[in-house]
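# Geometric and topological summary
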Amino acid sequence: MSEELIQKVKQMIIESLRIEGMSPDEIDTDAPLFGEGLGLDSIDALQLVVAMEKDFGVVVPDAATGTKVFASVRSMADYIAEHKK
């Protein structure tokens, strides 16, 4: 998985969740996205599902998969690299 893809995922998170005043470099690649990491919630997860489908053509089929995919930026990038069309 490329550093370029990780940067694209970070940028997608910032843009889709409209996080102001944060750059991709400020997001820890391996930090949890929910809870203590970025502090995202279930609404944010839905926005990320839509953004991933729009930006990368990747579908998250169910909540169980989503839990694994949205664990961190790295897990999102891994999933995108594996499932991108």
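What comes next concerns the included structure. The residue numbering used here restarts from 1 in each chain and proceeds along that chain's sequence as written. Confidence filtering applies because this is a predicted model: local features only for residues at pLDDT of at least 70, side-chain atom pairs given and counted only at 80 or more, and all residues used for totals across whole chains, interfaces and linings. As a rule here, side-chain values come from all non-hydrogen atoms in the structure, and water together with hydrogens is ignored.

### A word on the packing of helix α1 (residues 3-16) against helix α4 (residues 73-83)
Any two packed helices are characterised by how steeply their axes cross, that is the angle between the axes, and by the distance between the axes. Contact pair α1 / α4: the axes reach a minimum separation of 9 Å and the direction vectors enclose 115°. Put simply, α1 runs roughly perpendicular to α4. The interaxial crossing formed by α1 with α4 has right-handed handedness. Contact with α1, carried on its side by L5, I6, V9, K10, M12 and I13, involves V73, R74, M76, A77, I80 and A81 of α4 and no other residues of that element. Think of it as three bins: nonpolar holds Ala, Val, Leu, Ile, Met, Phe, Trp, Tyr, Cys and Pro, charged holds Asp, Glu, Lys and Arg, and polar takes everything else, Gly as well. Residues that form the contact of α1 with α4 fall into these classes: ten nonpolar, no polar and two charged. The convention used is that axes are lines fitted to C-alpha atoms, helices contributing only their stretch in contact, and that angles between N-to-C directions extend from 0 to 180 degrees. The numbering of helices and of strands both runs from the N terminus, where a helix is a DSSP run of H or I of at least 4 residues and a strand a run of E of at least 2. Relative orientations are named as follows: roughly parallel for angles under 35 degrees, roughly antiparallel for angles over 145 degrees, roughly perpendicular for angles from 65 to 115 degrees, and oblique for any other angle. Note on convention: near helix rotated counterclockwise from far helix by under a right angle means a left-handed crossing. Clockwise means right-handed. By the convention used here, residues are in contact when the closest approach between their heavy atoms is within 4.5 Å.

### A short note on α1
In a helix, the anticipated span is given by 1.5 Å times the number of residues less one. In a regular helix each residue adds 1.5 Å, so 14 residues correspond to 20 Å; α1 covers 20 Å between its end C-alpha atoms and thus fits that length. Type-normalised accessible area, obtained with a 1.4 Å probe on protein chains alone, sets the label of each residue: buried when under 20%, exposed when over 50%, and partly exposed for intermediate values. Here α1 has its buried residues at L5, I6, V9, K10, M12, I13, I14 and S16. Where the residues of α1 are buried, they touch α2 (42-56) and α4. Just downstream of α1 lies R18, where phi reads positive at about 50°.

### Some words on the packing of α1 against α2
Put simply, α1 and α2 touch, their axes get as near as 10 Å, and they point 130° apart. If you check the angle between α1 and α2, you find them oblique. Crossing of α1 against α2: the hand is right-handed. Here L5, K8, V9, M12, I13 and S16 of α1 come into contact with α2, specifically with Q47, L48, A51, M52, D55 and F56. Here the contact of α1 with α2 is built from residues that sort into eight nonpolar, two polar and two charged.

### So, the pattern of salt bridges
Any carboxyl oxygen of Asp or Glu within 4 Å of a side-chain nitrogen of Lys or Arg constitutes a salt bridge here. Applying the stated rule across the entire model yields three salt bridges. D55 is the salt-bridge partner of K54, the closest N and O atoms lying 3.8 Å from each other. Taking the relative accessible area as the measure of exposure, K54 reaches 68% and is therefore exposed.

The values are spatial; any link to function lies outside them.
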